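Residue strings, one per chain:
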Amino acid sequence: MDLVIGYVRYSSHAQDDGNSIAAQISTIEKYAADHNMEVEEFFIDTAKTGRNTNRPHYQEMKRKIENGELASKTIIVRALDRLHRNAKNQLDDLEWFDRHDIRLIAVNDGTDTKSHDFSKLALTVKAAVAEEFSDTLAKNTKAALNEVAKQCKHTGGLPPIGYKVNDIGLYEIDETKAPIVKLIYRLYLQDMGYDYISKELKKQGYKTAEGNDFSKTSIHSILTNEKYMGTYTYDKTASKDSSGKRNSNAHKQNYIRIQNGMPAIISSADFEKVKKKLAENAGRQGSRTTKHYYALNGVMKCPECGHAFTGNINNSNGRKYPQYRQSCKCGVKSVNMDKMNNFTFHALQQCVFSPDNKDKIIERINAKIGRDMVVQSDEVNALKNKINKLQDAQNRLMDYLQSGMAPDSILERIQKNENELKQLRNQLDIKSKEIALVDDEAYTRLVKKFKSYMGSVKSPEAKALRDATIEKIIPDTEQVAIYFKKGVTVDAETKAYFNINQEEAV
């Protein structure tokens, strides 16, 4: 029994009429069985075009043949267009097959390169016809998609996270996923970096549309997608090059762009703020990559020129000491980070959490928690509704599958639904955790953790409190002066603490 190689290429669900993966495998296996052959290995490329050879499993097949890793010298495909839709590539591979003594069989085309009546000319003509068909199909498909896009309808693939597609193809806001988008924009506008945003999304159980954790790339893609401010765009990304690769950062000059073409998740004002901040941060990427969090960066000022101090590491006697250092050339000494943080946030703790403020703080915290509970309840209800609807759809698909009439695409949809249900249930578990109100005991714990939290945890809340209370910090040769903003009362005990200990921070 001769060993053969089976090659399968599947472009999209639009090819289920005979060109599905199962149909191609079945055709190859039947031909092999009828001719006393056995398939040594299948190589299957999914969602890949036949217009180029940039297909991972096709290249793997050729590599294994070249390296002698396969015993077979025969490749079987269902039809020639599964191998190529480009005449030049077809001819190039025919020469490659000849050099490696490979026999090619295309079942539906009646092609066998080792038969006595094989004609390379006929094969080339067939490849040219397939290429012409592919070109015509691509043009017709593009024209049809352009018409769909002009109506601001979904043109295929996964919709952007935060949106769903209704029965007539228009975008609607997905209330279970829109909070993800809102959180990303809110955190970025609060000066939180991609690393912090990614960790926060993971902590809340959020996943991408593909079911993965959010990477820096996926976060950046969301922050730059005009759809989120209600501007519909289509065919914006530059076309693929000759090797089938695409630069996602390169955009066409002319593409479909329709303002207010879809519901907005983010206001246009916030989108523009993010756009401006992205441009400002682009030139400062290197300065933001650090293992240490310098909580007073930008707040400490040079007493001579007013330039901000920046955090850096002082290497001394084989040890590393985080410090705040001048960014100018005025000659002001650096300040130890840990000591400066400790003094500053001790003072802030004494001012903010004075006995007179206790009841007022607890009241305001619990009011904020109450608002969060309402938002949490809405999100939980939206998640429960989506889980119930998806579970009902899953049950119907399972009934269809058990009937024995389901195509391959049903299995794929069932698996996709199962993955989404898992994500939603995980998200629901996290969102369903009760938010406890603050009592006297919780308040005491909060006060004790305050200094450590402010000095070591990078969060929007910590930054907002710092910016709302501290005007500036001026280190001098003899002392460090902390200026609080108007309305922050400094009691006598705190003043005494600083007068005694201020020199230690320098």
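Bear in mind that the values here come from a model prediction, so they are computed numbers and not experimental data.

Calculation notes
Residues numbered from 1 in each chain as written. Predicted model: local features only at pLDDT ≥ 70, side-chain atom pairs only at ≥ 80, totals over all residues. Heavy atoms only, no water. Helix = DSSP H or I, 4+ residues; strand = E, 2+ residues; numbered from the N terminus. Pairing = 2+ DSSP bridges. Contact = heavy atoms within 4.5 Å. Axes fitted to C-alpha atoms, helices over the stretch in contact; angles between N-to-C directions. Buried < 20%, exposed > 50% of the residue type's maximum accessible area, 1.4 Å probe, protein only. Polar contact = N/O pair within 3.5 Å; in protein donor to acceptor, adjacent residues only side chain to side chain. Salt bridge = Lys/Arg side-chain N within 4 Å of Asp/Glu carboxyl O.

Okay, unusual backbone geometry next. Positive phi outside glycine occurs at D235, with the angle close to 60°. You can see D235 is positioned in the loop between β8 (232-234) and β9 (256-258). Even without glycine at this site, N317 takes up a positive phi of about 55°. Within the element layout of this structure, N317 appears in the loop between β10 (310-316) and β11 (319-325).

Below, the discussion takes up the sheet that holds strand β2 (residues 37-46). Through backbone hydrogen bonds, the strands of a sheet pair up, either in parallel or in antiparallel fashion. Reading across the sheet, the five strands line up as β2-β1-β3-β4-β5 and stay open at both edges, with mixed pairing between neighbours. Of all strands in the sheet, those bounded by a partner on one side alone are β2 and β5 (111-112). In terms of strand pairing, strand β3 (residues 74-77) meets strand β4 (residues 103-106) through four bridges, oriented parallel. Residue pairing across strands places V77 opposite A106, the latter belonging to β4. Contacts from helix α1 (residues 21-34) reach β1 (2-10), β2, β3 and β4 within the one sheet, and its direction differs from that of β2 by about 160°. Along the sheet, helix α2 (residues 56-66) contacts β1, β2 and β3; its crossing angle with β2, the most-contacted strand, is approximately 140°.

A few words now on the pairing of β11. In terms of strand pairing, β10 meets β11 through seven bridges, oriented antiparallel. Considered in β11, the bridge of G311 is made with Y324. Here β10 folds back onto β11, and the loop between the two strands holds two residues, one of which, N317, carries a positive phi near 55°. As judged from the two bridges shared by β11 and strand β12 (residues 335-336), these two strands associate in the antiparallel manner. In the strand pairing of β12, Y324 is matched with V335.

Moving on, we come to the environment of S267. Checked against the element boundaries, S267 lands in the loop between β9 and α9 (268-282). Given the relative accessible area of 38%, S267 is considered partly exposed. Taking the C-alpha atoms as reference points, S267 and M229, 38 residues apart in sequence, are found 5.5 Å from one another. Within the structure, S267 has its side chain in polar contact with the backbone nitrogen of D270 (distance 3.1 Å).

A word on the pattern of salt bridges. Counted by the stated rule, this structure contains 23 salt bridges. Across the pair K64 and E41 runs a salt bridge, and its minimum N-O distance is 3.1 Å. Taken as a pair, K64 in helix α2 and E41 in strand β2 lie far apart in primary sequence, 23 residues in all. Taking the relative accessible area as the measure of exposure, K64 reaches 14% and is therefore buried. Overall, E41 belongs to the partly exposed group, its relative accessible area being 24%. For K463, the salt bridge is made with D467, and the minimal N-O distance between the two is 2.7 Å. Here the residue K463 and the residue D467 both occupy positions in helix α15 (residues 460-469), the gap between them amounting to four residues, near one helical turn. Looking at D467, the relative accessible area reads 28%, which means it is partly exposed.

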